[in-house]
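Remarks on the overall topology
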Amino acid sequence: MPTSSAKIGRWRSSAAREAYVEAYQTVLRTLPEPTRTLDVETEFGSVRAYEWEGTASGPPVLLLPGRASGAPMWAENLSDWIGQRTIYAIDAIGDAGLSVQTRPFANSDDQAEWIAQTITGLGVDKVHSVGHSFGGAIATIHALRHPEQVATLALLEPVLVLRPPPVSSLFWATITQLPLPRSWKDRALAELGGVTVEEVRVRTPLSIMIDHGSSGYRAVLPTPRMLTDQEWRSLPMPLRADFAGTKSLAGGTKAAERLRSLRPDATVELWPNASHSLPMQERAAWHPRCRPSGEPKKICTDRGVASRLAPVPIRIRACIVNHNTSVFAELALRSLAAAHVDWLSSGRLRITIMDNHSTDEGLPNLIMACDQLGVEFTRSRWPVADSKVNSHGDVMREFVAAHPTATHFLFADADTYQLEDDTVGRMAAELAADDSAWAIQARFPWVEEHDGPGRSLNPWAGRIQRLGATIEDTATGPFAGQHKPRCHPAFSLVVNTDAFRRVADVVGLSSAVIIAVDPEIAGFADTFGLATLAMQTHGLHHALSSAMIGHYHGVSYQDPNQPADGKLEDCQRRLALLR
């Protein structure tokens, strides 16, 4: 029996299709050449798929686009992901793209079926499924109906499956899909994106493509349905969901709260400054993690629970702060580079010397070492001669703000040096295996030998101290307080998450005196200490690595008139072996 064309998606005219295809190809040309371009046959029509073959083993990534876009909607993300896991980006059947629908959908289960048949047609058993908007909705239904095909599930602004969108957002979203005057659609996009109409009118190849798709293609699709509590709980795979904090079409805060209550094992993130276009707006910082019970955390493509999805190369930005300790900083730099040659050559580790306008004799040699090793040397905003307080935390905070796309930060004191190869690799592996750790620090021989194994973690925590503070002419104290636990920044590796960046920005990484009557609350938080306490409020802890690093301890900010107890001579001896 012939299928009525009124029941399947179709282009409004050949001219509309041609305009869309031209814009589609323009965006596609910005990407590396696909390994293969495929048209996979299903009982609902053919599916256009693009493959970028990766080197990593395991299931490939399947990208499901939002409405009226097609595979090229991921263009701004794909450039960072291609090269690791194999990636398939597809055009949805029944929507704008180069897929062709031949049979109508009776319900959302039919949409799950064409995805299942596509995966089979690609010759794979399981995928890491990533979906945006309507793509996230049908990815969810597919995972519900065919859990055996889904290794992990990552949802970006998945519409209707958790919460209905606000009526106003639904109204404006509908306007964008209708063949209405350009001015109407610009207003709708501005309302949805939380921007001005003038900003919307700055056209990009991607926005032009989506505009042609929304106005030129008449989709006939089932409305995604809201999943029951039991259905969400029944999904067996690791789950990640991201919601916009501004103009969300997926339910925003309420959707995030519902999912957190139903799936405490899932990673759920709310992006306060993002709109429904979250994948494009947060492309530099989107790292979903999916925390399955009992499985180790893995580095992944989609930033931010024990198994992360499609892996991307680790990008560690290392910061060594120098403040008239140039001889020691040169040793810290040269020994770190010598112990991590492969990391530096592959770009996984990049080192920066943050110098506080040092003037000591060792500075020229330090700068020369930076030139030889291809390391960035930059001046901080806090000259050591002008600083009346320790500026270490300020410099680290500035470094974090300057490198939002790093996957990790490595903080190393100028008076540290390597005792073995691949210290960073060991710490990264141990950190990845601890799902509730936000950071990991190395061990110090002088603590381990004097206080016992494992005492490098919070060696002074809990010690009662006499404290005081002066605010203008008013003195407070002395009063009793505890030395607070902290992740020691002498040599620590930190996962670059939204939470950490917010803590660095709002709380800072500097030391603080906490004034309180209760001695359990009052105390001194050394550099990184206040940030450590703030991260604890997120249910995260800092871990101790099995790796040991050399640490001269006390060289940083040392009184130049005081003897260094042979530390300088030892440093120079080690340097001579590395130069």
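Look a little higher up for the structure.
Remember, predicted model here, so these are calculated numbers, not experimental data.

Here is what the cut-offs are and how they apply
- By convention here, each chain's residues receive numbers from 1 onward along its written sequence.
- Under the rules for a predicted model, residues below a pLDDT of 70 receive no local features and side-chain atom pairs below 80 are neither given nor counted, while totals for whole chains, interfaces and linings still include all residues.
- Side-chain numbers here rest on the full set of heavy atoms in the structure, without hydrogens or water.
- In this text, helices come from DSSP runs of H or I with a minimum length of four residues, and strands from runs of E with a minimum of two, each type numbered from the N-terminal end.
- Under the scheme applied here, a residue whose accessible area is under 20% of the maximum for its type counts as buried, over 50% as exposed, and between as partly exposed, the area being computed with a 1.4 Å probe on protein chains only.
- Accessible surface area values rest on a Shrake-Rupley calculation with a 1.4 Å probe, where residue burial reflects the displayed protein chains alone.
- What is meant by a nonpolar core is a set of buried Ala, Val, Leu, Ile, Met, Phe, Trp, Tyr and Cys residues, joined one to another through side-chain atoms within 4.5 Å.
- By definition, residues are in contact when any of their heavy atoms lie within 4.5 Å.
- To estimate how far a helix should reach, multiply one less than its number of residues by 1.5 Å.
- When DSSP locates at least two bridges between a pair of strands, those strands are taken to pair.
- The convention used is that axes are lines fitted to C-alpha atoms, helices contributing only their stretch in contact, and that angles between N-to-C directions extend from 0 to 180 degrees.
- Pairs were defined over the aromatic rings of Phe, Tyr and Trp, the Trp ring being its six-membered one, requiring ring centres within 6.5 Å. Orientation was assigned from the angle between planes: stacked under 30 degrees, edge-to-face over 60, tilted for the rest.
- Any residue with relative accessible area above 30% and no salt bridge may belong to a patch, with like charges joined within 9 Å and the nonpolar Val, Leu, Ile, Met, Phe, Trp and Tyr side chains within 5 Å.
- We define a salt bridge as a contact between a side-chain nitrogen of Lys or Arg and a carboxyl oxygen of Asp or Glu at a distance within 4 Å.
- Here a polar contact means two N or O atoms within 3.5 Å. Within protein one must be a hydrogen donor candidate and the other an acceptor candidate, and residues neighboring in sequence count only if both atoms are side-chain atoms.

In terms of helices and strands, the chain carries 20 helices and 25 strands. Looking at the chain as a whole, 54% of its 579 residues are labelled buried. When the accessible surface of the chain is totalled, it reaches about 24300 Å², and 52% of it is carbon and sulfur.

With respect to the element layout, Ala-188 can be found in helix H6 (residues 182-193). You can call Ala-188 buried: its relative accessible area is 0%. Measuring from C-alpha to C-alpha, the distance between Ala-188 and Thr-174 comes to 8.7 Å, with 14 residues separating the pair along the chain.

On to the nonpolar core. Judged by nonpolar contacts, the single largest core of 47 residues is most densely connected at Leu-62, Trp-114, Leu-153, Trp-232 and Phe-243. With six residues, the top contributor of residues to this core is helix H4 (residues 134-145). Non-local contacts of Trp-232, meaning those with residues more than four positions away in its chain, are made with Thr-140, Leu-155, Val-161, Leu-162, Leu-227, Leu-239, Arg-258, Leu-259, Leu-262 and Arg-263. Within the second largest apolar cluster, 36 residues are counted, among which are Ile-320, Leu-349, Ile-353 and Phe-444.

Under the 1.5 Å per step criterion, the end-to-end length of helix H12 (residues 326-338) is 18 Å for 13 residues, consistent within 8% with the ideal 18 Å. Of all 13 residues that make up H12, eleven are buried, and the element is covered over most of its length. Among all positions of H12, only Ser-326, Phe-328, Ala-329, Glu-330, Leu-331, Ala-332, Leu-333, Arg-334, Ser-335, Leu-336 and Ala-337 are buried.

A word on the sheet that holds strand E25 (residues 541-551). Reading across the sheet, the eight strands line up as E16-E15-E14-E17-E22-E19-E25-E18 and stay open at both edges, with mixed pairing between neighbours. The sheet is open, and its two edges are formed by strand E16 (376-379) and strand E18 (416-418), each paired on a single side. In this sheet, adjacent strand axes meet at a mean angle of 30° when their direction is disregarded. Contacts between H12 and the sheet are confined to strand E14 (316-322), strand E15 (349-355), strand E17 (408-413), E18 and strand E22 (491-495), with E18 contributing the most and set at about 25° to the helix.

The subject of this paragraph is the packing of aromatic side chains. How two aromatic rings sit relative to each other is set out by the distance from centre to centre and by the angle between their planes. Inspection of every chain in the model, using the stated rule, returns 17 aromatic pairs. For the ring pair Phe-399 and Phe-409, a centre distance of 6.1 Å and an interplane angle of 70° mean the geometry is edge-to-face. A residue pair is termed long-range when its members are at least 10 positions apart, and Phe-399 in helix H15 (residues 392-402) and Phe-409 in strand E17 qualify at ten residues. An angle of 45° between the planes, with centres 4.9 Å apart, marks the rings of Tyr-417 and Tyr-552 as tilted. Of this pair, Tyr-417 sits in strand E18 while Tyr-552 sits in the loop between E25 and helix H20 (567-578), and the two are 135 residues apart along the sequence. This pair shows no difference in class: Tyr-417 is buried, exactly as Tyr-552 is.

On the surface, Ile-471, Val-513 and Ile-515 cluster together into a nonpolar patch covering about 260 Å² of accessible area. Here Ile-471 shows up in strand E20 (residues 464-471).

Moving on, we get to the pairing of strand E2 (residues 36-42). Across a regular strand the side chains alternate sides, sitting on one face of the sheet and then on the other. Across seven bridges, E2 lies against strand E3 (residues 45-52) in antiparallel orientation. Its bridge partner lying in E3, Thr-42 is registered against Gly-45. The antiparallel hairpin formed by E2 and E3 contains two residues in its connecting segment.

On to the environment of His-488, then. Locating His-488 in the fold gives a position in the loop between strand E21 (474-483) and E22. When the C-alpha positions of His-488 and Leu-457 are compared, they lie 7.8 Å apart, and in sequence the two are 31 residues distant. Here the side chain of His-488 touches Arg-486 through a polar contact of 3.2 Å, side chain to side chain. A polar contact of 3.1 Å, which involves the side chain of His-488, links it to the backbone nitrogen of Ala-490.

The quantities given are spatial measurements derived from coordinates; they are silent on function.
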